[in-house]
Amino acid sequence: MSSTDGGRTITIVAYILHLFGAITGLPSIIGLIINYVVKGDHGAMIDSHQTWMIKSFWYAILGCIVSGILCITVIGLILGWIGFIAIWVWYVYRHIRGLIELAESKTMPA
């Protein structure tokens, strides 16, 4: 990782870990740790991407908890599974969008 890349490489690594984690789980936690460690070290644009990923992770966890609770009830079983699918699509979308915005050196709304 180059010291002149302004944190872009580690941010790309974090995005990739979150995307891989959308399939397997654990890499997202590693990506989250990287987000917290790197945040504040590389300026406002990179920080906005770190915050974007952190919020995406925690909102996805919250959504999964709500969907899990819905799945426990007979009435909410279908809604719970629809919720899990929607959260997964939203999570993947946010990380792909973040990568695209990072490639264009754009700040994420945080």
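Refer to the structure above for everything that follows.
Keep in mind that this is a model prediction, so the values were computed, not measured. (Residues numbered from 1 in each chain as written. Predicted model: local features only at pLDDT ≥ 70, side-chain atom pairs only at ≥ 80, totals over all residues. Heavy atoms only, no water.)

What follows is about the layout of surface pockets. Quantified by volume, the largest pocket comes out at close to 180 Å³. As for the largest pocket, its lining consists of G21, A22, G25, S28, F57, A60, I61, C64, F84, I87, W88 and Y91. Elements represented by at least two residues in the lining of the largest pocket include exactly α1 (8-24), α3 (44-72) and α4 (77-103). (1 Å grid on protein atoms, 1.4 Å probe; cavity = no way out; pocket = protein on both sides within 12 Å on 5 of 7 lines; lining within 4 Å. Points joined across faces, edges and corners; volume = space filled by probe spheres on them. Helix = DSSP H or I, 4+ residues; strand = E, 2+ residues; numbered from the N terminus.)

What follows is about the packing of α1 against α3. The geometry of α1 relative to α3 is characterised by a closest axis approach of 10 Å and an angle of 15° between their N-to-C directions. Relative to α3, the element α1 is oriented roughly parallel. Of the two possible hands of crossing, α1 and α3 adopt the one that is left-handed. For the pair α1 and α3, the contacting residues are R8, T11, A14, Y15 and H18 in the first and M45, I46, H49, Q50, W52, M53 and F57 in the second. The residue makeup of the contact of α1 with α3, split by class, is 7 nonpolar, 4 polar and 1 charged. (Axes fitted to C-alpha atoms, helices over the stretch in contact; angles between N-to-C directions. Parallel < 35°, antiparallel > 145°, perpendicular 65-115°, else oblique. Left-handed = near helix turned anticlockwise from the far one by under 90°. Contact = heavy atoms within 4.5 Å. Nonpolar A, V, L, I, M, F, W, Y, C, P; charged D, E, K, R; others polar.)

Another point: the packing of α3 against α4. Running from N to C, α3 and α4 cross one another at 175°; their axes reach a closest spacing of 8 Å. Comparing their axes, α4 and α3 come out roughly antiparallel. Partitioned by chemical class, the residues of the contact of α3 with α4 number 18 nonpolar, 9 polar and 4 charged.

Now for the nonpolar core. Proteins that are soluble and globular tend to have nonpolar side chains buried together. Judged by nonpolar contacts, I10, A14, Y15, L17, I34, V38, I46, W52, M53, L102 and M108 together constitute the single largest core of 11 residues. Of all elements in the fold, only α1, α2 (26-38) and α3 reach the threshold of two or more residues within this core. Broken down by element, this core gets its largest block of residues, 4 residues, from α1. Sequence-distant contacts of A14, that is, excluding residues within four places in its chain, are made with G31, I34, N35 and M53. The next biggest cluster of nonpolar side chains, apart from the first, holds 8 residues, and it includes A22, I54, A60 and Y91. (Core = buried A, V, L, I, M, F, W, Y, C linked by side-chain atoms within 4.5 Å. Buried < 20%, exposed > 50% of the residue type's maximum accessible area, 1.4 Å probe, protein only.)

Quick look at a nonpolar patch on the surface now. Among the surface-exposed residues, Y59, L62, V66, L70, L77, I78, L79, W81, I82, W90 and Y93 lie close enough to one another that they form a single nonpolar patch of about 1100 Å² accessible area. Those elements that provide at least two residues to the nonpolar patch are α3 and α4. Ranked by residue count, the leading element in the nonpolar patch is α4, at 7 residues. You can see I82 is positioned in helix α4. (Patch = residues over 30% accessible without salt bridge, like charges linked within 9 Å, V, L, I, M, F, W, Y side chains within 5 Å. Areas by Shrake-Rupley, 256 points an atom, 1.4 Å probe, with all protein chains shown as cover. Salt bridge = Lys/Arg side-chain N within 4 Å of Asp/Glu carboxyl O.)

So yeah, pure geometry; function would need other evidence.
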